[in-house]
Amino acid sequence: MARQGVRSGQDCAKVMLLLLASTLAQHGASAQQVKVEPEVLSYPGQTVNLRCAFADTTGIQLTMVTWSYEDKEGERMNIAVLHPSHGPNYPDSPLKGRVRFTQSPPTMASPSIQIDDVYMTDEGKYICDFASYPGGSKQGTTQLIMLSKPQNSATTITVDAATKSMVVARCESLNGRPEAQIRWVSTANGNDTTTSKLGTDNTVSITSEYRMVPTPEDNGKDISCVVSHRTQATPESFQMKLKVQFAPQVTIVGYDNNWYVGRTNVLLTCQATGNPVPTTVQWKAMTGEMPETVQIKDNQLKVLKVDESINTTFVCEVKNRIGVGRHQITALVRGTRLPEKGATTGSIIGAIIGVIIILAIIGTAIAMYRKHRNKKLNGDGPPKYKPPPPKKNNNTAGRPQVITNNVPAAEEHPLQYYSTQDAEPVTDLDAYHDDDNNGVEGGEHYHAAAPSGWDDPRNDDAPPFYERSGDEPEDHRQQGPNVGREDSFVSPAMFV
C-alpha cells in the first residue's frame, strides 16, 4: 500500500509538471503570435493608441477579441469586446465613452483600440486577448505609463542664528508622475529630509527640507536644489543664498598705540556687520563724559588733540532688530612719540648681499674683458721683457772675485772703455748678453761695463787686485792698484 501511495504521488507530480510546461509553451507561443507594444507613455488629456495584431491566422479561427484593464491592485475589467458576428461592444467601465476600436469596421486580425482624454488614473496594464480555435486563448500586454510634469519650486527660510538645527531651505516637486528626485548642493554643513504624498489623480508630490544649525558665518552661503524628472530633458536647478539673521558684530579700527601728548587728528572707526543691517551707532567713554577734544560723526570718533583726558576706554555700541553688539579700545597717552619703525635688519642684510653680488658680477666681467684684451695684444710672439742680471756666485760672496785664466777670449766679448776725465765710470748694464759657453765647457762669463785693468798694456804683469797682507796697516785696506786718473782700472763692484 505504501508503495502504491508513493507511485500515486509521483504520478501527480508528473502531471503538474506537464500542465505547467504546456501552459508556459502556450504563453510563449501566444506572446509570439500576438504583437503589442510593451510600453506606452502619455500625458493627461492626450489620445492614446494601443495597437494589437494576430501574427498568423493560417489554420486558426479567431472567435472573439477582448481588451481588459488591470489596475495596480491587480483587479481586471473588460473595456472592449469584438465578435465576428455581433461586432464591437464596450462594457461598463471607467473608460466607457472614451475607448473605441481604431478601425471602422474593426477586423479580428488587428483589433487596436484608442483611448481619448486619458486620465492619470488610466495608468496600468492593458491586455489584448484572442479566443481562437483550436489554439485557445492567446494574449499580449501593454503597460500604459502616465506622465505628469511636476511643478518645481525652491526657497530659503530666514532664520536667526541659533544653537539647534532648523529648516533653512525648502524644495518642492508637486503633482508629478512618476516621482521626482531631489538633491541639495551647498557649502553649508547640513542635511536634508524628503517626504512624498500621493494625489487623488495618481500624481506624487515631493517635499525636501534642508536643515542645519545656523551661524552668522552661514549667512549668504550658496545653496542649490536640483530636481530630476522623467519629463525633463535636464535637471532643474534652483540657486539660492542662505538667510541667517544675527546681532551686529563690532570692531574698532584706527588705534596704533602711539597716541602722544600733542598729537592731532587721530581717528577711530567703528565697523559693524549684521543681518538685518545695523540701524544705530553710539560712542561712549568709560570715564563717563566724552573728552572735550573729541568729535563724533556717525561711526567715526576723531580726537582733535591728544592730552591726558584721552586716557580712557572708548566703547562703540551698534544695534539692529536682533540685538546689540559692542567693542572697546583703551587709549594710552604717551609723553613722547614712539620712534618710527625703520627698515628691518633682514631687509638691510638682504640689500647688502645684493650689492655684493652685483659688484662681484661686475668685477668678474671686467677681469674677463681684460684677460681677453691682453691675449689679443700679446698674441703668440716672444715675451716683451728683459732677462734679469746674472746672480752673484755664492763662493765669491764677501770678497773680490779673482779672474783666472779660464776667462774666454777677449776678442769675442771686447770690453768697452769710457772716459773718466769729467765723470765717474759708468756701468753699461745692457752690455750683458746671454751667450753660449763659446767652446769653454763649464766656464763662467763675466762681462763688465767698465774698462778692466787686465787689458792695459802698461800693467800686463800687474796683479788683478791689490791684496793687503796681514801685517799691513789698516789704512791700506781695500785699496785698489796704483793707477793714474786716465788709466784703466778694475773696480770690485764691476764684477757682478
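Residues numbered from 1 in each chain as written. Predicted model: local features only at pLDDT ≥ 70, side-chain atom pairs only at ≥ 80, totals over all residues. Heavy atoms only, no water.

A. Focus on the overall build of the chain. Of regular secondary structure, the chain possesses two helices and 28 strands. With 496 residues in all, the chain has 28% of them scored as buried. Once local pairs closer than 6 in sequence are excluded, the contacts in the chain between residues at least 24 apart make up 60%. (Helix = DSSP H or I, 4+ residues; strand = E, 2+ residues; numbered from the N terminus. Buried < 20%, exposed > 50% of the residue type's maximum accessible area, 1.4 Å probe, protein only. Contact = heavy atoms within 4.5 Å.)

B. Focus on the pairing of strand 26 (residues 313-319). A large share of strand 26 lies buried, amounting to six of its seven residues. Across six bridges, the pairing between strand 23 (residues 280-285) and strand 26 is antiparallel. Counted as the bridge partner of Lys284 is Val315 from strand 26. For strand 26 and strand 27 (residues 324-330), the ladder comprises seven bridges, and the chain directions are antiparallel. The residue bridging Phe314 from the neighbouring strand is Ile329, located in strand 27. (Pairing = 2+ DSSP bridges.)

C. A look at the side chain of Ser148. By secondary structure assignment, the location of Ser148 is in the loop between strand 11 (136-146) and strand 12 (151-156). Relative accessible area serves as the criterion here: at 13%, Ser148 is assigned to the buried category. At a separation of 2.8 Å, a polar atom in the side chain of Ser148 contacts the main-chain carbonyl oxygen of Asn175. With residues near it in sequence (within four places) discarded, Ser148 still touches Tyr43, Met120, Asn175, Gly176, Arg177, Thr203, His229 and Thr231. (Polar contact = N/O pair within 3.5 Å; in protein donor to acceptor, adjacent residues only side chain to side chain.)

D. Structural view of the packing of aromatic side chains. By the definition in use, this model includes five aromatic pairs. Ring geometry for Tyr69 versus Tyr126: centroids 5.0 Å apart, planes at 45°, classification tilted. Here Tyr69 is found in strand 5 (residues 61-70), whereas its partner Tyr126 is found in strand 10 (residues 124-133), with 57 residues between them in sequence. The burial state of Tyr69 is the same as that of Tyr126; both residues are buried. In this structure, Arg98 packs its charged tip against the face of Tyr119, placed 4.0 Å from the ring centre. (Phe/Tyr/Trp six-rings, centres within 6.5 Å; stacked < 30°, edge-to-face > 60°. Lys NZ or Arg CZ within 6 Å of the ring centre and 35° of its normal.)

E. Here's a closer look at the sheet that holds strand 25 (residues 300-305). Pairing is mixed across the open sheet formed by five strands, whose spatial order is 13-20-22-25-24. For this open sheet the edge positions go to strand 13 (159-160) and strand 24 (294-297), each flanked by a neighbour on one side alone.

F. Fine view of the sheet that holds strand 23. Pairing is antiparallel across the open sheet formed by three strands, whose spatial order is 23-26-27. Only two strands of the sheet have a single neighbouring strand rather than two, namely strand 23 and strand 27. Averaged over all pairs of adjacent strands, the angle between their axes in this sheet comes to 15°, without regard to strand direction. (Axes fitted to C-alpha atoms, helices over the stretch in contact; angles between N-to-C directions.)

G. Inspection of the state of the cysteines at higher detail. Inspection of every chain in the model, using the stated rule, returns three disulfides. Each sulfur of the disulfide joining Cys171 and Cys225 lies 1.8 Å from the other. Between Cys171 and Cys225 the sulfur-sulfur dihedral comes to about -70°; the bridge is accordingly left-handed. Here Cys171, found in strand 14 (residues 166-176), pairs with Cys225, found in strand 18 (residues 222-228); they are 54 residues apart in sequence, far enough to count as distant. According to the relative accessible area criterion, Cys225 is buried, its value standing at 0%. (Disulfide = S-S within 2.5 Å.)

H. A look at the nonpolar core. Grouped together as the largest cluster of nonpolar side chains are 26 residues, with contacts concentrated most on Leu50, Trp67, Ile79, Ile113, Ile115, Tyr126 and Phe130. Put simply, the parts of the chain that give this core at least two residues each are strand 3 (48-50), strand 4 (52-54), strand 5, strand 6 (76-83), strand 8 (99-101), strand 9 (113-115), strand 10 and strand 11. Residues Cys171, Tyr210, Phe238 and Met240 belong to the second largest nonpolar core, which totals 20 residues. (Core = buried A, V, L, I, M, F, W, Y, C linked by side-chain atoms within 4.5 Å.)

I. The pattern of salt bridges, seen in detail. Tallied over the entire structure, the rule returns 12 salt bridges. Between Asp222 and Lys241 there is a salt bridge, with the nearest N and O atoms lying 2.6 Å from each other. Taken together, the residues Asp222 in strand 18 and Lys241 in strand 19 (residues 236-241) connect sequence positions 19 residues apart. Residue Asp222 is classed as partly exposed on the basis of its relative accessible area, which comes to 42%. Lys284 is paired through a salt bridge with Glu317; the nearest N and O atoms lie 3.5 Å apart. (Salt bridge = Lys/Arg side-chain N within 4 Å of Asp/Glu carboxyl O.)

J. Quick peek at the environment of Ala331. Mapped onto the elements, Ala331 comes out in the loop between strand 27 and strand 28 (333-334). Sequence separation between Ala331 and Asn311 is 20 residues, and the spatial gap between their C-alpha atoms is 5.6 Å.

K. Geometry of the environment of Leu338. Here Leu338 shows up in the loop between strand 28 and helix 2 (345-378). As for Leu338 and Asn258, which are separated by 80 residues in sequence, their C-alpha atoms are 6.3 Å apart. When sequence neighbours within four positions are dropped, the list of residues in contact with Leu338 reads Asn257 and Asn258.

L. Expanded view of the environment of Pro106. Tracing the sequence through the fold places Pro106 in the loop between strand 8 and strand 9. Sequence-wise, Pro106 and Pro84 are 22 residues apart; in three dimensions their C-alpha atoms are separated by 9.4 Å.

M. Local environment of the confidence of the model for the chain. Of the residues in the chain, 68% reach a pLDDT of 70 or more, and the chain-wide mean stands at 78. In this model residues 15-31 is a low-confidence stretch, pLDDT under 50, and it forms three contacts with partners more than four residues away in sequence or in other chains. Counted against residues more than four places away or in other chains, residues 394-496, with its pLDDT under 50, gives 83 contacts. (pLDDT = per-residue confidence, 0-100.)

N. Inspection of a nonpolar patch on the surface at higher detail. Together, Val355, Ile358, Leu359, Ile362 and Ile366 line one region of the surface with nonpolar side chains, adding up to about 460 Å² of accessible area. If you trace the backbone, Ile358 turns up in helix 2. (Patch = residues over 30% accessible without salt bridge, like charges linked within 9 Å, V, L, I, M, F, W, Y side chains within 5 Å. Areas by Shrake-Rupley, 256 points an atom, 1.4 Å probe, with all protein chains shown as cover.)

O. Summary view of the side chain of Asp218. Examined against the element boundaries, Asp218 turns out to sit in the loop between strand 17 (204-212) and strand 18. Here Thr215 takes part through its side chain, which lies 2.9 Å from a polar atom of the side chain of Asp218. The residues contacting Asp218, other than those within four sequence positions of it, are Ala188, Met212, Val213, Leu242 and Val244.

P. Geometry of unusual backbone geometry. Cis rather than trans, the peptide bond between Arg177 and Pro178 has omega equal to 0°. Within the secondary structure layout, Pro178 lies in the loop between strand 14 and strand 15 (181-186). The omega angle of the peptide bond from Asn275 to Pro276 is 5°, so this bond is cis rather than trans. Note on placement: Pro276 falls in the loop between strand 22 (264-275) and strand 23. Phi angles above zero are rare outside glycine, and Asn175 is one such case at about 55°. Checked against the element boundaries, Asn175 lands in strand 14.

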